[in-house]
Amino acid sequence: MAATKDYRLLCLENPLLDIQAVGDDALLEKYGLKANDAILAEPKHQGLFEDLLNNYDAKLIAGGAAQNTARGAQYLLAPNSVVYLGGVGDDKYAATLHDAVKKAGLRVEYRVDPKEATGRCGVIITGHNRSMCTELGAANHYDLEHLKKPEVWELVSNAEAYYVGGYHFTVCPPAINELAKLAAERNKPFILSLSAPFIAQFFKEPLDATAPYWDYIIGNETEAAAYSESHGLGLTDVKEIAKALANLPKANTQRKRVAIITQGTEPTVVAIQGEDEVKEYPVHAIAKEEICDTNGAGDAFAGGFCAGVVDGKSLDESIDMGQWLAKLSIKELGPSYVFPIHRET
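Anyway, here's the lowdown on the structure attached to this text. Everything numeric in this text was worked out from a predicted model, so none of it was measured.

**Observations concerning the pairing of strand β5 (residues 82–89)**
So, point 1. For β5, the tally of buried residues reaches 8 of 8 residues, placing the bulk of the element in the interior.
So, point 2. Traced from β5 through helix α4 (residues 92–104) to strand β6 (residues 107–113), the parallel crossover comes out right-handed.

In structure tokens form, the structure reads like this:
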């Protein structure tokens with residue numbers, strides 16, 4: 001069997017070092033945090049990250065949504081299959097990130113900012129609740145210049161598929177556009193995640209600029225509803241929103257666009273451009289007692305799905321791979337993937 005090409009999947013977004021620890025109400029109160037929330041850090045939260053590292057049994061994870069996805073795809077693919085781009089600082093947090101991705105077998109090409117700290121996300125776990133406090137730091141300063149560096153652009157040019165997390169629309173839309181247009185020109189799959197409702201609501205213009213280039217668009221039911229509302233579609237049915245996304249105007253007519261909407265424990269909805277039927281894929285069942293952490297399950301789904309696309313699997317197989325990896329992630333404090341790999345049949 002011929003050896004596979006290196007770095008077939010290239011991913012772009014905002015790298016964060018996730019610092020996760022089990023805490024209590026007193027810790028939440030100390031930093032003015034809610035038990036189940038996600039916020040951007042304010043000055044009063046600056047001590048949180050060191051507090052978690054020094055005084056709690058913190059788990060360090062190479063985070064940021066698309067970096068989670070990149071780790072997930074690499075988990076299922078041959079060694080040296082995935083490369084990830086984003087911005088970090090020149091500090092101990094970046095060094096920890098490098099160690100974490102090395103263990104996952106993921107290659108990273110970070111833009112290193114000497115003035116900004118590496119982005120961090122403090123996660124306080126209380127029961128089934130997750131309080132997430134994020135400081136974007138250097139991730140917020142990624143630029144087109146880094147993407148166009150010869151050694152980075154060579155990786156871009158040689159990749160066979162591209163995945164971009166929607167959070168990057170808040171950082172560097174020109175970099176997203178470069179990848180999208182290149183994918184269309186060379187008939188390579190361009191996969192985009194909607195990532196969060198506020199992307200469709202408040203970053204509508206840069207999001208829409210990339211829409212003609214989407215070969216695969218992935219989101220959950222909340223993100224799909226936000227897209228419908230912000231774009232005046234007047235649709236509330238997930239299947240109808242999926243059809244609308246699939247049938248937006250498209251630049252590369254050699255590929256039919258596929259719109260994928262996940263719904264937690266409900267079936268995954270999939271619409272294909274020009275086709276009336278909208279398919280539903282039941283998720284992989286998991287016992288309640290096996291559920292550890294649902295945070296990052298969507299990132300894991302995207303990772304499994306991207307692995308399938310890169311490996312030339314059918315749409316059905318790629319969806320199945322995404323659902324399998326999401327189920328695996330839910331069993332861990334995560335998003336994490338256990339080693340050695342054990343693929344269920």
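**A closer look at the nonpolar core**
So, point 1. The biggest cluster of nonpolar side chains holds 50 residues, and the ones touching the most others in it are Leu 9, Val 82, Tyr 84, Tyr 163, Ile 260 and Phe 305.
So, point 2. In terms of residues, this core owes the most to one element, helix α12 (residues 297–310), which gives 7 residues.
So, point 3. Listed in part, the 44 residues of the second largest apolar core include Leu 155, Val 156, Tyr 162 and Trp 214.

**Side note on unusual backbone geometry**
So, point 1. Residue Asn 187 is not a glycine yet carries a positive backbone phi of 55 degrees.
So, point 2. When you line up the elements, Asn 187 lands in the loop between α7 (173–185) and β10 (190–193).
So, point 3. You can call Asn 187 partly exposed: its relative accessible area is 25%.
So, point 4. Even without a glycine there, the phi angle at Ser 195 is positive, about 70 degrees.
So, point 5. When you line up the elements, Ser 195 lands in the loop between β10 and α8 (197–202).
So, point 6. Judged by its relative accessible area of 13%, Ser 195 falls in the buried class.

**Some points on the packing of helix α3 (residues 65–76) against α12**
So, point 1. Orientation of α3 relative to α12, taken along the N-to-C sense of each, is 45 degrees, at an axis distance of 7 Å. With respect to their mutual orientation, α3 and α12 come out oblique. Between α3 and α12 the crossing geometry is right-handed. Every residue of α12 that contacts α3 at Ala 65, Asn 68, Thr 69, Gly 72, Ala 73 and Leu 76 is listed here: Asp 299, Ala 302, Gly 303, Gly 304, Cys 306 and Ala 307.

**Here's the deal with α7**
So, point 1. Given a rise of 1.5 Å per residue, 13 residues ought to cover 18 Å, and the 18 Å separating the end C-alpha atoms of α7 matches this to within 8%.
So, point 2. For α7, the full list of buried residues reads Ala 175, Ile 176, Leu 179, Ala 180, Leu 182, Ala 183 and Ala 184.
So, point 3. On its buried face, α7 sits against β1 (9–12), α5 (144–147), α6 (150–158), β9 (161–165), β10 and α9 (204–210).
So, point 4. At the exit of α7 stands Asn 187, carrying a positive phi of roughly 55 degrees.

Scoring rules and cut-offs
- Residues numbered from 1 in each chain as written.
- Predicted model: local features only at pLDDT ≥ 70, side-chain atom pairs only at ≥ 80, totals over all residues.
- Heavy atoms only, no water.
- Buried < 20%, exposed > 50% of the residue type's maximum accessible area, 1.4 Å probe, protein only.
- Helix = DSSP H or I, 4+ residues; strand = E, 2+ residues; numbered from the N terminus.
- Right-handed = clockwise from strand over helix to strand, strands pointing away.
- Core = buried A, V, L, I, M, F, W, Y, C linked by side-chain atoms within 4.5 Å.
- Axes fitted to C-alpha atoms, helices over the stretch in contact; angles between N-to-C directions.
- Parallel < 35°, antiparallel > 145°, perpendicular 65-115°, else oblique.
- Left-handed = near helix turned anticlockwise from the far one by under 90°.
- Contact = heavy atoms within 4.5 Å.
- Expected span 1.5 Å × (residues − 1).

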